[in-house]
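Chain by chain, the residues:
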Amino acid sequence: MDSYRTGIISEFVARMFLMLHGFRVLHRRYTTGRYTGRAEIDIIARRGKLIIFVEVKKRRDVMTAWGAITPTQQRRLRLAAETFLLQRRWRGDARFDVIIIHGRHIDWIKNAF
């Protein structure tokens, strides 16, 4: 299976996982526009007064997944999230989470960066 298809399936699994935990998915593959220097946010979800921005990684192990989230990517994700929150004039809480899928396991790291 190619990496695009693997990514789509992994993001679907992550969305279902979040929905089982009471979140409502607001956006998937959110981007502020081409050539803006901002990254694509895999999932944006909400539960009550909390919005989470989720990066989904499918790797063989947790350490490889963590290594794939570079400081540059983190900075770009923050910029995209700030844009999202400003556009919607959000007044609640927000955080960045990472969902790592490895084998048949799902690790959900809250407040990851």
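Above this text is the structure in question.
Heads up: these notes are all about the structure in this document.

Conventions used here
- Residues numbered from 1 in each chain as written.
- Predicted model: local features only at pLDDT ≥ 70, side-chain atom pairs only at ≥ 80, totals over all residues.
- Heavy atoms only, no water.
- 1 Å grid on protein atoms, 1.4 Å probe; cavity = no way out; pocket = protein on both sides within 12 Å on 5 of 7 lines; lining within 4 Å.
- Points joined across faces, edges and corners; volume = space filled by probe spheres on them.
- Helix = DSSP H or I, 4+ residues; strand = E, 2+ residues; numbered from the N terminus.
- Nonpolar A, V, L, I, M, F, W, Y, C, P; charged D, E, K, R; others polar.
- Pairing = 2+ DSSP bridges.
- Axes fitted to C-alpha atoms, helices over the stretch in contact; angles between N-to-C directions.
- Expected span 1.5 Å × (residues − 1).
- Buried < 20%, exposed > 50% of the residue type's maximum accessible area, 1.4 Å probe, protein only.
- Arc of directions from axis to C-beta.
- Contact = heavy atoms within 4.5 Å.

### Thoughts on the layout of surface pockets
Logical step 1: Each pocket or cavity is described by its volume, and for the largest pocket that value is around 230 Å³.
Logical step 2: Lining of the largest pocket is provided by Ser 3, Tyr 4, Thr 6, Gly 7, Ser 10, Glu 11, Arg 29, Asp 42, Val 56, Lys 57, Lys 58 and Arg 59.
Logical step 3: Of all the secondary structure elements, the ones that give two or more residues to the lining of the largest pocket are helix H1 (3-20) and strand S3 (50-58).
Logical step 4: Ranked by residue count, the leading element in the lining of the largest pocket is H1, at six residues.
Logical step 5: Class assignment for the residues of the lining of the largest pocket results in two nonpolar, four polar and six charged.

### Notes on the sheet that holds strand S2 (residues 41-47)
Logical step 1: Taken in spatial order, the five strands of this open sheet run S1-S2-S3-S4-S5, and their pairing is mixed. The open sheet has two edge strands, strand S1 (24-30) and strand S5 (105-109), and neither has a second partner. Each strand of the sheet is rotated relative to its neighbour by a mean of 25°, with strand direction disregarded.
Logical step 2: Judged from the nine bridges that link them, S3 and strand S4 (residues 93-102) form a sheet pairing that is parallel. Paired with Phe 53 across the two strands is Phe 96, which belongs to S4.

### Description of H1
Logical step 1: For H1, with 18 residues, the first-to-last C-alpha span of 26 Å sits near the 26 Å given by 1.5 Å per residue.
Logical step 2: Within the sequence span of H1, burial applies to Gly 7, Ser 10, Glu 11, Ala 14, Arg 15, Phe 17 and Leu 18. Take H1 and look down its axis: the buried residues cluster within an arc of 160°, on one side only. In H1, the exposed positions that point more than 90 degrees away from the buried face belong to Arg 5 and Leu 20.
Logical step 3: Elements that come into contact with the buried residues of H1 comprise S1, S2, S3, S4 and S5.

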